[in-house]
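# An overview of the molecular structure
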Amino acid sequence: MTTETPPATQRAPLPSTGEFCEVQRSVEFGELRRVHRSFAFPLTAAFVTWYLLYVLLSNYAGGFMATKVAGNVNIALVLGLAQFLTTFLIAWWYARHAANKLDPRAEAIKSRMESAE
């Protein structure tokens, strides 16, 4: 075990508030926000609608939801499991979208901010 202190690492100074505001007003950042919102907002609305449909069917269409599909498996169980499936699919789809469309744009903005220092 050594008693030496580790060498100090040189950290670049953080961008100022003005620099962050300037980037926020940039066309590049606006495009990043547009790409994110055009994916996230419609998908969120669709999933919330799908979830509320399931809840409403469970409360007000008991006969329909009790319809047997196979053995003791009914429509309620199938739709309930589909809720989990769609949650995982949306998470996977968003991760792909972020990796392909958002991350490169965000990295370009970050690199530009770091190189401006």
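None of these values were measured; they are calculated from a predicted model.

### Section: the environment of Leu-89
As for its placement among the helices and strands, Leu-89 is situated in helix H4 (residues 75–115). Counting along the chain gives 14 residues from Leu-89 to Asp-103, while the straight-line C-alpha distance between them is 20 Å.

### Let's talk about the confidence of the model for the protein chain
Summing up the model confidence of the protein chain, the mean pLDDT is 92 and the portion of residues at 70 or higher is 95%. Within the protein chain, no element has a lower average pLDDT than helix H1 (residues 17–24), which sits at 89, and none a higher one than helix H2 (residues 27–60), at 97.

### Structural notes on the packing of H1 against H4
Remark: H1 packs on H4, axes separated minimally by 12 Å, with the N-to-C direction vectors making an angle of 145 degrees. Considering the relative orientation of H1 and H4, their crossing is right-handed. In this structure, H1 contributes Glu-19, Phe-20 and Val-23 to the contact, and H4 contributes Ile-109, Arg-112 and Met-113. Class assignment of the residues belonging to the contact of H1 with H4 gives a composition of 4 nonpolar, no polar and 2 charged.

Definitions and limits used
Residues numbered from 1 in each chain as written. Predicted model: local features only at pLDDT ≥ 70, side-chain atom pairs only at ≥ 80, totals over all residues. Heavy atoms only, no water. Helix = DSSP H or I, 4+ residues; strand = E, 2+ residues; numbered from the N terminus. pLDDT = per-residue confidence, 0-100. Axes fitted to C-alpha atoms, helices over the stretch in contact; angles between N-to-C directions. Left-handed = near helix turned anticlockwise from the far one by under 90°. Contact = heavy atoms within 4.5 Å. Nonpolar A, V, L, I, M, F, W, Y, C, P; charged D, E, K, R; others polar.

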